Amino acid sequence: FSPPLSDQIRLACEILSDPSQPWIAEDFRRRFKIGFVDEAQDTDDLQWAMFNRIIPGGTGHTGRLTIVGDPKQAIYGFRGADVGAYLRATKGKLSVSLGENFRSDKPVVDALNAMFEGSSLGAGISYSKVTAAAVNHLTRVRHVAPVELIDVGRMSNQDKLPPVVVAMVARILGTAEVWDE
């Protein structure tokens, strides 16, 4: 039997903060001088408490915690992730943003830049214009627009949204052609 992930995190946090067993957190700090949290936008306060017990950011400690995340990509709220926890954890910390997108074709990047440049997507979440990597300057998807929108604001009943999205995806999959060398 294995407890659910949230229970495992809670138990680990309790063990790391147990005043009768300070050697556990101390052992982690001794063994792991650097921590790396990827997809950090999909964490919660309990996970941050655990990270900070293992690699505290306070004075007198040589450990470092590197955080990689993008609050615009926070998608796991349904399982307890809290983008607010990410924003609180990174507030006032050194931040470096990547200006080049290596994943998306240039037409997609250009369309998203045109739609969102300068936008605020919530408190502490802003959109920064990026460029597409040179290897992605040509599109690999033909016969469809690089970005298509669904205006859900005009839908009076959100129950109508799934069929609309399914129809759009079916149309795109039936029309699009992926070209790759």
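Scroll up for the structure.
A short tour of the structure in this document, coming up.

Conventions adopted
- All residue numbers here refer to positions counted from 1 along the written sequence of the relevant chain.
- Local features in this predicted model are restricted to residues whose pLDDT is 70 or higher, and side-chain atom pairs enter the listing and the counts only when it is 80 or higher, whereas totals over whole chains, interfaces and linings include all residues.
- Computation of side-chain values covers all heavy atoms of the structure but excludes hydrogens and water.
- Salt bridge criterion: a side-chain nitrogen from Lys or Arg within 4 Å of a carboxyl oxygen from Asp or Glu.
- What counts as a helix is a DSSP run of H or I of at least four residues, what counts as a strand is a run of E of at least two, and both are numbered from the N terminus.
- Relative accessibility under 20% of the residue-type maximum defines a buried residue, over 50% an exposed one, and the middle range a partly exposed one, all with a 1.4 Å probe and only protein chains included.
- A pair of strands counts as paired when DSSP detects no fewer than two bridges linking them.
- Definition of nonpolar core: a set of buried residues of the types Ala, Val, Leu, Ile, Met, Phe, Trp, Tyr and Cys, connected through side-chain atoms within 4.5 Å.
- Any two residues having at least one pair of non-hydrogen atoms within 4.5 Å are treated as being in contact.

**A short note on the pattern of salt bridges**
Once the charged atoms of two side chains with opposite charge are near each other, the side chains can pair. Applying the stated criterion across every chain yields a total of 10 salt bridges. As a salt-bridge pair, Arg30 and Asp27 come within 2.2 Å of each other at their nearest N and O atoms. Placement of the pair is Arg30 and Asp27 together in helix H2 (residues 22–31), with a separation of 3 residues, close to one helical turn. Asp27 gets classed as partly exposed once you look at its relative accessible area, which sits at 22%. One salt bridge connects Glu148 with Arg171, and the closest N-O pair in it is separated by 2.4 Å. Taken as a pair, Glu148 in the loop between strand S5 (141–142) and helix H6 (161–175) and Arg171 in helix H6 lie far apart in primary sequence, 23 residues in all. Connected via shared salt-bridge partners are Asp7, Arg10 and Glu14.

**Some points on the pairing of strand S1 (residues 34–37)**
A one-sided burial pattern is seen for S1, the buried positions being Gly35 and Val37 and the unburied ones Ile34 and Phe36. Relative to strand S2 (residues 64–67), S1 runs parallel, the two sharing 4 bridges. Looking at S2, one finds that Phe36 is bridged to Thr66.

**So, the nonpolar core**
Counting 15 residues, the largest nonpolar core has Leu16, Val37, Ala40, Trp48, Met50, Phe51 and Ile54 as the members making the most contacts within it. The set of elements that each furnish at least two residues to this core consists of helix H1 (5–16), H2, helix H3 (45–54) and helix H4 (83–90). Per-element tally for this core: the top contributor is H3, with 4 residues. For Phe51, the contacting residues outside a window of four places in its chain are Val37, Thr43 and Leu65.

Functional significance is not addressed by these values, which are geometric in nature.
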